[in-house]
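Chains, contacts and geometry: an overview
The residues making up each chain are set out below.
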Amino acid sequence: MARQAAMKGNLPAMRRQQMILFVFLASVALNAGLALREPNWLALPAMALGWYVADMLSGLIHMYMDYRPCTPGKRLNDIFFYEGSRESDEYLTMLRQRMATIGPFERISYDFKNHHPRPDALGRRPLWRLIGSTVVLAALPVSLLGNLAGWFLPIPGWLFAGLVAFLIGGAFAQYFHGSLHRAHNPWFIAAMRRVGLLMTPAAHQVHHDTLQRDFATNCGWSNPAINRLFRTLRARGMLDDRGLVPSA
Ligand SMILES: [Zn+2]
Ligand SMILES: [Zn+2]
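All of these numbers come straight from a predicted model, not from anything done at the bench.

1. Brief notes about the coordination of the zinc ion (ligand 1)
Bound to the zinc ion (ligand 1) on the protein side are H62 (NE2), D66 (OD), H116 (NE2) and H207 (NE2), at distances that span 2.0 to 2.1 Å. Around the zinc ion (ligand 1), the four donor atoms are arranged such that angles at the metal cover 96 to 145°; this shape is classified as irregular. For the zinc ion (ligand 1), the single-chain donor residues occur in sequence as H-x3-D-x49-H-x90-H. Of this pair, H62 sits in helix α3 (residues 43-67) while H207 sits in helix α12 (residues 201-210), placing them 145 residues apart in sequence. Among the residues examined, H62 registers a relative accessible area of 0% and is labelled buried. H207 gets classed as buried once you look at its relative accessible area, which sits at 0%.

2. Description of unusual backbone geometry
Phi angles above zero are rare outside glycine, and R75 is one such case at about 50°. One non-glycine residue, L211, lies in the positive phi region at around 55°. On the secondary structure map, L211 appears in the loop between α12 and α13 (223-235).

3. Re the environment of M238
The residue M238 is located in the segment after α13 in this model. Given a relative accessible area of 45%, M238 falls into the partly exposed group. The spatial distance from the C-alpha of M238 to the C-alpha of Y67 is 9.0 Å, given a sequence separation of 171 residues.

4. Some points on a nonpolar patch on the surface
Together, L145, L148, W151, F152 and L153 give the surface a local cluster of nonpolar side chains, amounting to about 650 Å² of exposed area. Secondary-structure assignment places L145 in helix α8 (residues 127-152).

5. Notes on α13
Over its 13 residues, α13 extends 18 Å from the first C-alpha to the last, a length consistent with the 18 Å expected when each residue adds 1.5 Å. Along α13, the residues that are buried comprise N223, I226, N227, F230 and L233. All buried residues of α13 lie within an arc of 130° about the axis, which places them on one face of the element. In α13, those exposed residues whose orientation departs by more than 90 degrees from the buried face are R228, R231 and A235. Against the buried residues of α13 lie α3. Of the residues one or two after α13, G237 is the one with positive phi, at around 85°.

6. Some remarks on the coordination of the zinc ion (ligand 2)
Around the zinc ion (ligand 2), the protein contributes the donor atoms H115 (NE2), H177 (NE2), H181 (NE2), H204 (NE2) and H208 (NE2), which lie 2.0 to 2.2 Å from the metal centre. Each donor residue of the zinc ion (ligand 2) belongs to the same chain, and together they define the spacing H-x61-H-x3-H-x22-H-x3-H. Considered together, H177 and H181 belong to a single accessibility category, that of buried residues.

7. Some words on helix α2 (residues 11-36)
Taking 1.5 Å of rise per residue, 26 residues should cover 38 Å, and α2 covers 37 Å from first to last C-alpha, within 8% of that figure. Turning to α2, its buried residues number three or more, namely Q17, I20, L21, F24, S27, V28, N31, L34 and A35. Packed against the buried residues of α2 are α8 and α9 (157-171).

8. Some words on the pattern of salt bridges
Going through the model one piece at a time under the given rule, you end up with eight salt bridges. Residue E106 is joined to R68 by a salt bridge in which the shortest nitrogen-to-oxygen separation is 3.2 Å. Of this pair, E106 sits in helix α6 (residues 104-114) while R68 is found in the loop between α3 and α4 (77-80), placing the two residues 38 residues apart along the sequence. Each member of the pair E106 and R68 is classed as buried. A salt bridge links D78 to R98, with the shortest nitrogen-to-oxygen separation between them at 2.5 Å. With D78 in helix α4 and R98 in helix α5 (residues 89-100), this pair connects stretches of sequence that are 20 residues apart. Residue D78 is classed as partly exposed on the basis of its relative accessible area of 28%. Connected through salt bridges with shared partners, the residues R75, D78 and R98 form a single ionic network.

Conventions used here
- Think of each chain on its own: its residues are numbered from 1, step by step along the sequence as written.
- Chains and ligands are labelled by the order in which they are written, letters from A for the one and numbers from 1 for the other.
- In view of the model being predicted, local features appear only for residues whose pLDDT reaches at least 70, and side-chain atom pairs are presented and counted only at 80 or more, with totals across whole chains, interfaces and linings using the full set of residues.
- Derived side-chain values reflect all non-hydrogen atoms in the structure, with water molecules and hydrogen atoms excluded from consideration.
- The donor set covers N, O and S atoms within 2.8 Å of the metal, switching to 3.2 Å for Na, K and Ca, and it leaves out water, so a site may look short of donors.
- Labels for metal geometry use angle windows, namely 85 to 135 degrees for all angles of a four-donor tetrahedral site, and for square planar (four donors) or octahedral (six donors) sites opposite donors over 155 degrees apart plus all others within 65 to 115; sites meeting none of these are irregular.
- Each helix is a run of DSSP H or I of at least 4 residues and each strand a run of E of at least 2, with the numbering of both proceeding from the N terminus.
- Exposure is judged per residue with a 1.4 Å probe applied to protein chains only, and the accessible area is read against the type maximum: over 50% gives exposed, under 20% gives buried, and values in between give partly exposed.
- Each patch is assembled from residues with relative accessible area greater than 30% and no salt bridge, linking like charges that lie within 9 Å and nonpolar side chains (Val, Leu, Ile, Met, Phe, Trp, Tyr) that lie within 5 Å.
- For accessible areas, the Shrake-Rupley method is used with a probe of radius 1.4 Å. Any residue's cover is judged against the shown protein chains and nothing else.
- By salt bridge we mean one thing: a side-chain nitrogen of Lys or Arg within 4 Å of a carboxyl oxygen of Asp or Glu.
- A helix is expected to span 1.5 Å multiplied by its residue count minus one.
- What the arc covers is the set of directions going from the helix axis to the C-beta atoms.
- Only heavy atoms enter the contact rule, under which two residues are in contact if any of them lie within 4.5 Å.

Given below as structure tokens:
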């Protein structure tokens, strides 16, 4: 009931979110059009590279957010370690209050930590909660810059092919991660897993079993490189285990 009421009150916000998503997809489509203007075999390696870089970003951000200590004083530990029902009014009120005091950055960091003990919660998050801040703060501005550059500068089409793959992989990274924690997904998720463009839940489980490896959650191509980086940083005393859970 509380959730339904909250949804109703948020109709203008939902409309704004749909609008932003529409503008983003239109902008990506325009970049795809710029790529198709002059077909070139270089588009294929460029797209593979764009997909790889997006995967690597998903892994680097995940690693940072997992181990970044939560800002003290926000008392996120109260909701993280809450022992009663997570459907209860007490919990939902506390969740709303705590979330109202933190920005999108802190929220993303909390979501990463929270998804270790409760991975299914990530799978249940609505699309906007998963990708909204990434689209607004990063993917949309980059895509619009691409549109502008393509309009005014003589940039080769294959570069736009790489950009489109990077934008889709980057913008939807947390959606792809969420799909690893959901039993039912759209058909294209299964198809992309079959050809290796997305990783499987079994491959991602390695991260949940250790919390010390395989942070990338798109296709996982960059995990060998990120695992090496993780070991190097740990050997230097960084990425302390205490950052994995919120403090008071
Ligand atoms: Zn993690
Ligand atoms: Zn996960």
